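Close look at the chain arrangement
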Amino acid sequence: MAQPERNERQRLRPAPLLFEPSEAAADPEHFFDLESMEDPTELLARATELTLAFRAATDRAVEFQAVAAAQLADPRRFDRLTAAEIARRAEWTEDYAKKMIEFGRSLLDAPAP
């Protein structure tokens, strides 16, 4: 991922993802209270905020996955894992695991902002 793109996403500051109470999460019709909004303008705004927040959370989680994969595959570790083993644990293909390991290495080698 290019650094300018990442900085741009960080500036967007999407709505925070708040955990819903367990009783609300158990209701399949309930989703961050969107179903109760009647004003379509408000609904669009809040749904857009949530979409941006989920995208940002997904991107961030993928970066953490890549870093973890790179660390687990580090040849300096006595207990390092193969790409195949990482793929099995993460439910990826081996080719994808190899790409994630390389991505993680690039993140680990990148200078701190």
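Structure's up top.
Residues numbered from 1 in each chain as written. Predicted model: local features only at pLDDT ≥ 70, side-chain atom pairs only at ≥ 80, totals over all residues. Heavy atoms only, no water.

1. Considering the overall build of the protein chain
For clarity, the cut-off: Each helix is a run of H or I in the DSSP string that is no shorter than four residues. Each strand is a run of E no shorter than two, and both are numbered from the N terminus. Should any heavy atoms of two residues lie within 4.5 Å, those residues are considered in contact. All accessibility values rest on the Shrake-Rupley procedure with a 1.4 Å probe; residue burial counts only the protein chains present in the view.
If you tally the helices and strands in the protein chain, you get five helices and zero strands. Secondary structure elements of the protein chain, listed N to C terminal, follow the sequence α-α-α-α-α. Considering only contacts within the protein chain whose residues lie at least 6 apart along the sequence, 49% involve residues at least 24 apart. Accessible area for the protein chain stands at about 8500 Å²; split by element, carbon and sulfur atoms hold 57% of it.

2. Some words on helix H3 (residues 40-72)
Counted only if it meets this: Multiplying 1.5 Å by the residue count of a helix minus one yields the expected span of that helix. Burial classes follow relative accessibility: with a 1.4 Å probe on protein chains only, a residue under 20% of its type's maximum area counts as buried, one over 50% as exposed, and anything between as partly exposed.
With 33 residues, H3 extends 47 Å from end C-alpha to end C-alpha; this agrees with the ideal 48 Å at 1.5 Å per step. Every buried residue of H3 is accounted for by Arg-46, Leu-50, Ala-53, Glu-63, Ala-66, Val-67, Ala-69 and Ala-70.

3. Thoughts on the packing of H3 against helix H5 (residues 94-109)
How we decide: Note on method: axes are straight lines fitted to C-alpha atoms, helices fitted across the in-contact stretch only, with angles between N-to-C directions ranging 0 to 180 degrees. By definition in this entry, angles of less than 35 degrees are roughly parallel, angles greater than 145 are roughly antiparallel, angles of 65 to 115 are roughly perpendicular, and the rest are oblique.
Remark: H3 packs on H5, axes separated minimally by 7 Å, with the N-to-C direction vectors making an angle of 95°. On the basis of their axis angle, the class for H3 and H5 is roughly perpendicular. Along its contact with H3, which presents Val-62, Glu-63, Gln-65, Ala-66, Val-67, Ala-69, Ala-70 and Gln-71, the element H5 presents Met-100, Ile-101, Phe-103, Gly-104, Arg-105, Leu-107 and Leu-108.

4. Focus on the environment of Val-67
Relative to the elements of secondary structure, Val-67 occurs in helix H3. It is 9.1 Å that separates the C-alpha atoms of Val-67 and Glu-102, two residues lying 35 residues apart in sequence. Discounting residues that sit within four places of it in the chain, Val-67 has contacts with Gly-104, Leu-107 and Leu-108.

5. Looking at the pattern of salt bridges
Where charged atoms from two side chains of opposite charge come close, those side chains can pair. Quick reminder of the rule: Within this document, salt bridges are pairs made up of a side-chain nitrogen of Lys or Arg and a carboxyl oxygen of Asp or Glu, the two lying within 4 Å of each other.
Across all of its chains, the model carries seven salt bridges by this definition. Between Glu-94 and Lys-98 there is a salt bridge, with its nearest N and O atoms 3.9 Å apart. On the criterion of helical spacing, the pair formed by Glu-94 and Lys-98 is a turn pair, its members being four residues apart in helix H5. Residue Lys-98 is classed as partly exposed on the basis of its relative accessible area, which comes to 43%.

6. With respect to the environment of Asp-74
By secondary structure assignment, the location of Asp-74 is in the loop between H3 and helix H4 (83-90). Its relative accessible area of 17% is what places Asp-74 among the buried residues. Sequence separation of Asp-74 and Ile-101 is 27 residues, and the distance between their C-alpha atoms is 9.0 Å.

The values reported here are purely geometric and, on their own, carry no functional implication.
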